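# Architecture and fold: a report
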Amino acid sequence: MRTHTKEKPFQCTVCTKMFSNSANLTVHMRRTHTKEKPFQCTVCTKRFSTNGELTLHMRTHTKEKPFQCTVCTKRFSTNGELTVHMRTHTKEKPFQCTVCTKMFSTSYKLTVHMRTHTKEKPFQCTVCTKRFSTSGELTVHMRTHTKEKPFPCTVCTKMFSKSTNLTVHMRTHTKEKPFQCTVCTKRFSTSGDLTRHMRTHTKDKPFQCTVCTKRFSDSGNLSAHMRTHTKEKPFQCSVCTKMFSTSYKLTVHMRTHTKEKPFQCSVCTKRFSTSGELTVHMRTHTKEKPFQCSVCTKRFSTSGELTVHIMRTHTKEKPFQCSVCTKRFSTSGELTLHMRTHTKEKPFQCTVCTKRFSFSGNLTSHMRIHTKEKPFQCTVCTKRFSISGNLSVHMRTHTKEKPFQCTVCAKMFSQSTSLTQHMHTHTV
């Protein structure tokens with residue numbers, strides 16, 4: 001009857017809190033004031049305030065699950081777990097936030113959600129004093145200190161600190177992609193990947209730089225962008241100690257040491273160290289040129305080629321200046337190559353005869369001396385050449401083209417070397 005009358009005749013003598021029955025008062029006294037735990041587990045000796053708590057605990061040893069779902073037959077060790085589970089079928093959400101009216105299926109989820117409003121973070125790390133809104137977040141965080149990775153992959157034995165990370169990793173083996181885009185039907189292995197993908201449709205860029213106000217669709221891109229302002233490079237190569245602003249740049253750089261080229265062309269089987277290099281290479285097969293000059297409408301296969309074209313042909317801009325001889329260049333790459341004429345640096349070494357070169361292209365051409373490879377073929381007589389320049393010169397024997405003209409007598413030549421030799425006839 002007290003559930004109807006709301007009568008609470010039993011009062012705590014310590015804090016004056018009232019209860020409807022003596023049993024609840026007894027439990028309250030043990031949990032809050034006396035800390036008495038008279039009920040002991042016979043397996044692990046853990047102690048409890050009530051016989052009910054002990055009964056529930058014993059099921060962790062016996063694996064008993066006496067409560068069964070009537071919809072999917074899944075079993076649970078407590079009636080409370082079954083009640084919560086049933087809401088996955090009924091979609092019931094009886095707990096409502098008093099601030100934003102959002103609904104939740106459990107009181108715990110509501111409690112955690114309320115902390116997004118109150119900013120309460122009651123769980124503190126004992127190592128670095130960082131605070132968290134849930135005990136689960138603290139548990140996961142502690143593993144950054146302990147290096148504990150309790151979740152092993154059963155396929156490749158890789159270890160993870162979070163069960164969710166393991167779940168996502170397993171999809172690399174199962175190829176499962178449970179999250180589907182509602183616009184283009186593309187599928188993803190994680191909800192986060194789908195969320196980021198959806199922004200390619202909505203054009204939403206919720207992450208804004210506080211320095212230059214530039215906006216980004218992904219928080220990771222914003223973090224990487226911020227380093228262009230702070231000049232921070234937190235990722236270090238373990239081989240040559242070079243520093244990088246993003247983990248991706250470090251990953252790509254490491255392949256210069258490991259020689260790993262994980263991306264393979266499906267047409268000619270050539271391999272590349274980055275997906276971007278493969279994408280650009282594929283255009284040599286597809287002949288695709290997606291970048292168009294807005295001045296002369298000429299098209300290019302890469303944005304870099306378009307930028308260089310505009311600077312060299314239209315704007316004549318040369319923003320990169322040599323600090324030694326003050327010569328200027330259209331691209332940073334051209335300046336880097338030029339600087340080696342001053343530094344005499346030859347970073348590219350032949351693996352056969354150890355000869356060194358200033359440019360990777362020179363090394364590539366040199367390697368053909370060893371491999372005897374001649375990839376450039378004349379389309380008229382099928383003669384083959386080891387470098388494209390030699391093919392260009394050879395083609396003039398067919399076309400009769402003579403692009404080099406003497407400035408004294410106007411005689412024409414097919415090769416620059418022939419013109420140089422001819423010029424001596426005027427200077428003698």
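See above for the structure.
Reference entry: report on the structure contained in this document. This structure is a prediction, so every number in the text was calculated from the model and none was measured.

### Re the overall build of the chain
Of the regular secondary structure elements, the chain holds 16 helices and 30 strands. Here the C-alpha atoms of the chain give a radius of gyration of 36 Å, more than 25% beyond the 22 Å that 2.2 N^0.38 yields for 428 residues. Projected onto its principal axes, the C-alpha coordinates of the chain cover approximately 125 × 45 × 45 Å. Residue burial in the chain is summarised as follows: out of 428 residues, 22% are buried. Residue pairs at least 24 apart in sequence account for 0% of intrachain contacts in the chain once pairs closer than 6 positions are excluded.

### Let's talk about a positive patch on the surface
There is a patch of like positive charges on the surface, built from K91, K93, K102 and K109. Looking at the secondary structure, you find K109 in helix 5 (residues 107–118). For K109, a relative accessible area of 44% translates into the label partly exposed.

### Overview of helix 10 (residues 247–258)
An ideal rise of 1.5 Å per residue puts 16 Å on 12 residues; helix 10 measures up with 16 Å between its terminal C-alpha atoms. When we look at burial in helix 10, the residues that qualify are L250, H253 and R255. If you follow the buried residues of helix 10, they end up packed against strand 17 (235–236), strand 18 (243–244) and strand 19 (263–264). Two residues or fewer past helix 10, K259 is found with a positive phi of approximately 65°.

### A look at the state of the cysteines
On inspection of all chains with the given rule, the structure shows 0 disulfides. C72 supplies the cysteine sulfur nearest to C69, a cysteine that is in no disulfide, at a spacing of 3.7 Å. In this structure C153 is not part of a disulfide, and its nearest cysteine sulfur, from C156, lies 3.7 Å away. In this structure C153 comes out as buried when scored by relative accessible area, which is 3%.

### A few points about the side chain of S49
Mapped onto the secondary structure, S49 falls in the loop between strand 4 (47–48) and helix 3 (51–62). For S49, a relative accessible area of 5% translates into the label buried. Apart from the residues lying within four places of it in its own chain, the contact partners of S49 are R30, R31, E36, K37, P38 and F39.

### Some details on the environment of L166
Following the sequence through the fold, L166 ends up in helix 7 (residues 163–174). The class of L166 is buried, set by a relative accessible area of 16%. Taking C-alpha positions, L166 is 7.3 Å from P152, a pair spaced 14 residues apart along the chain. Not counting residues up to four positions away in its chain, the partners in contact with L166 are F151, P152, C153 and F160.

### A closer look at the pattern of salt bridges
A complete count under the given rule lists 14 salt bridges for this structure. In this structure, E120 and R115 form a salt bridge, with 3.8 Å as the shortest nitrogen-oxygen distance. Each of D193, R196 and D218 takes part in one network of salt bridges that share partners.

Thresholds, definitions, all that
- Residues numbered from 1 in each chain as written.
- Predicted model: local features only at pLDDT ≥ 70, side-chain atom pairs only at ≥ 80, totals over all residues.
- Heavy atoms only, no water.
- Helix = DSSP H or I, 4+ residues; strand = E, 2+ residues; numbered from the N terminus.
- Rg over C-alpha atoms; globule rule 2.2 N^0.38 Å.
- Buried < 20%, exposed > 50% of the residue type's maximum accessible area, 1.4 Å probe, protein only.
- Contact = heavy atoms within 4.5 Å.
- Patch = residues over 30% accessible without salt bridge, like charges linked within 9 Å, V, L, I, M, F, W, Y side chains within 5 Å.
- Areas by Shrake-Rupley, 256 points an atom, 1.4 Å probe, with all protein chains shown as cover.
- Salt bridge = Lys/Arg side-chain N within 4 Å of Asp/Glu carboxyl O.
- Lys, Arg positive; Asp, Glu negative; His and termini not counted.
- Charge placed at Lys NZ, Arg CZ, Asp CG, Glu CD.
- Expected span 1.5 Å × (residues − 1).
- Disulfide = S-S within 2.5 Å.

All we've got here are geometric facts, nothing functional implied.
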